[in-house]
Every structure is written in C-alpha cells, then in structure tokens.
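One letter stands for each residue in the lines below.
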Amino acid sequence: TEIRSIKSSFQLRTFDPEGAVFYGDTKNGEDWFVLSLQDGIPLMQISKENVLVSVAGGPKLNDGKWHTLEVSNHEKFVVLDVDGSTGLVVGMQSTEGGEVLSGALRLALGGILINKEKMIVQFKPQMDGCVREGSWLNLSIPWEAEADELWPCYQNIRPGSYFPGTGSAIFNTSVFPFEEEHGFRIELWGDFSLMDGTILSIKASQEGLVFTAVAKNDTKEVILTFGEEKIIIKNSFKTLLITFLKDLLKVLPDEDESKTTMLQASPASQTGYLTIWRDGRLAIGGLLGEDEDNIGSNFLTGCLEKIRVQGRDLDLDLANKHMS
C-alpha cells in the first residue's frame, strides 16, 4: 500500500564498531536505505531514483549501553534522532519527482538485502548487537525471522569475543604495523582458567608454526611454544603480554614484572624474523594448518575479553578468513 510517512524507533545496544543496524528498500532493492555503524559512529546511505547519498556523524554508539534511535522520513529529508537529539539529517531531491512510495517495502535488522558492493561507503554488514522496543512503521504483523536461533538480550554484558570451539579468525601479519626495533606485541585479556584449546598461533609463510599458546583446562595450564622451547604457566592469570623481538621472546602475565619469562630466539628464527611479520599468518582461537586452505584445528572454547595487536584493539570482523 502507499506509504506517505516512514518512521521507526527502537533501542540498540552493541559493542560492535561496524555493521548494519536497520535496512529498508522498495522496488525490489532499486531504492534502499541503510543505517549502519562504522567505527561506532552512525552512517546513513540512501539510493533513490539513481541518486546515491552517504552521510556519517553523531555520537559513538558501540559503548555497550542502550541507545534510543528514531529514523523518520520528512518529504525530502531522512532524519536520525539519537537519545532524543538530532544525530543526522540527509536531504535528497531528484528532478524526476515521485515522492510517494508504493509497492512492497522490505525491512531488515542486522544485515542488508542487497549486494554490499552497491554501497558508496563499503563496510561489513554483519552486526552483533541487541534491539528492543521496536516500532517499525507502526506495523503490528510479526516479523519473519530467517535465523535458526535468536539469542536473548542478556541484562548484563561486557565486551569480549566468544569462541565456541568450532573456528578461528585468521589474519595476514602484513596488515599490522611493524617496526623492527620495537618488536611485535600481542596482549590478551580474559579468565584463562575458563579456556580450553589454542588461544593464538603464528606461522611463517613457507615454514612451520613459529609460536602457539594453548590452554589446557584438564591440567589448568597454558603452554606457550616458541620453536623448540616451551613455557608452562598456571592458568590463574587474567592478562598476558607477549612481545616478539629479533633475538628474544618476552612473556608477561598479569603485568607482573617478577613473573616475566624470556626465551632466546634460535639463529634460524632470527633469520626469518622480518619474514614472519611481513608474510606470515596469525590465528586467534585455533591452530593454523599446513596451508592457507586448511583452516586449522584444536579451536578455542572460551571468551577473550580484549585482544590488542601492536597496541590496537583487534576487530575480528577484519580477519582474512574465519569460521564460527
């Protein structure tokens, strides 16, 4: 039926910095609207009568708190209100006219219904988050949910990456900034006593595994393997800093300098030191396989509260490949 006014309101809570929040289209995807987050900031993109518009701005919304969002259409303008204040206004005017929408209108949450390549600003549309108290164009008809299982919105949440034991996130090491004199730093936060499986593995391009960190819940240990050397730590710690230098591996649990362990790098690993960080692979949550087509094994079961590589928070959505 004809829709002369579009207005939807809902509450959103997420820690995810990137993904589609709310999508709608007409003409089977020819005209579309998407509200997403990029780096936590609202981004609206609109396609109407072959005109593409994009605008970003407003407060960061990926702080884990509930935010009230309202998306409304006022003739030539689309307005996003955040927590009662105007966040973004997009104006569009086509010389072709035709302001009244007609025909089927499709809506989607947490994803999009068209090819993402059509977007002006490219982003990964999958969204991790919670939505409640939604009013969608004042529709009373229940939504059709294509997901096999919808998870509940828990009352209390905190940031983290949950690994169900079925996959890992794999990165090319070349995507991380690297300066030889400062080494390569990886920081991990979490309750390591609740983890089981491979936390981290690093592999040189044409060689075997350089480093692994494996949690063993049965023995209450975390075993770090560096070449032929091993470090065994009781799993009672909550943070782990691993620093790779050309001739040294430094392991620091719980930021306690008195517990620091250092291993000398073998001459062979020193030779390939630069190659590892420029042409290697790094996996969070699994043991890397023999080649790039092998996604690995011994996957992690547990939750990492925070992962930092080279001083920056790691976004697992940016992995080269991953499953789970």
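Residues numbered from 1 in each chain as written. Predicted model: local features only at pLDDT ≥ 70, side-chain atom pairs only at ≥ 80, totals over all residues. Heavy atoms only, no water.

- Looking at an unreviewed UniProt entry, one finds the protein chain named Sex hormone-binding globulin, with Odontesthes bonariensis as its source organism.
- Taken verbatim from the UniProt record of the protein chain, the Function (unreviewed entry) comment is "Functions as an androgen transport protein, but may also be involved in receptor mediated processes. Each dimer binds one molecule of steroid. Specific for 5-alpha-dihydrotestosterone, testosterone, and 17-beta-estradiol. Regulates the plasma metabolic clearance rate of steroid hormones by controlling their plasma concentration."
- Here the protein chain is described in UniProt, under the heading Subunit (unreviewed entry), as follows: "Homodimer." (UniProt positions renumbered as here; feature names shortened; annotations may be inferred.)

### Some words on the pattern of salt bridges
Now for step 1: The full count for this structure, using the stated rule, is 9 salt bridges.
Now for step 2: The shortest N-O distance in the salt bridge between Asp25 and Arg106 comes to 2.6 Å. On the criterion of sequence distance, the pair formed by Asp25 in strand E2 (residues 19-26) and Arg106 in strand E9 (residues 105-109) is long-range, its members being 81 residues apart.
Now for step 3: Salt bridges linked by common partners bring Arg185, Glu187, Arg308 and Asp313 together as one network. (Salt bridge = Lys/Arg side-chain N within 4 Å of Asp/Glu carboxyl O. Helix = DSSP H or I, 4+ residues; strand = E, 2+ residues; numbered from the N terminus.)

### Looking at the sheet that holds strand E25 (residues 321-322)
Now for step 1: Spatially, the 7 strands line up as an open sheet ordered E17-E16-E15-E14-E21-E12-E25, and their pairing is antiparallel. Each of the sheet's edge strands pairs with one partner strand only, and the pair in question is strand E17 (229-234) and E25.
Now for step 2: Relative to strand E16 (residues 221-226), strand E15 (residues 209-216) is paired through 6 bridges, and the arrangement is antiparallel. By the bridge assignment, Thr212 is partnered in E16 with Thr225. (Pairing = 2+ DSSP bridges.)

### Topic: the sheet that holds strand E7 (residues 77-82)
Now for step 1: Overall, antiparallel pairing links the 5 strands, which are arranged E8-E7-E6-E1-E10 in an open sheet. The sheet is open, and its two borders are formed by strand E8 (85-91) and strand E10 (130-136), each paired with just one other strand. Looking at each pair of strands side by side, their axes are set apart by 15° on average, direction ignored.
Now for step 2: Two elements, strand E6 (residues 67-74) and E7, share 6 bridges in a ladder whose sense is antiparallel. Across the sheet, Leu69 pairs through a bridge with Val82, a residue of E7. (Axes fitted to C-alpha atoms, helices over the stretch in contact; angles between N-to-C directions.)

### Some points on the state of the cysteines
Now for step 1: Under the criterion given, the structure shown has 1 disulfide.
Now for step 2: Each disulfide pairs two cysteine sulfurs, and for Cys130 the partner residue is Cys153, the sulfurs being separated by 2.1 Å. Between Cys130 and Cys153, the S-S torsion sits near -120°, and that sign places the bridge as left-handed. One end of the pair, Cys130, is in strand E10; the other, Cys153, is in the loop between E10 and strand E11 (161-164), with 23 residues separating them in the sequence.
Now for step 3: Residue classification places Cys130 among the buried positions, given a relative accessible area of 10%. (Disulfide = S-S within 2.5 Å. Buried < 20%, exposed > 50% of the residue type's maximum accessible area, 1.4 Å probe, protein only.)

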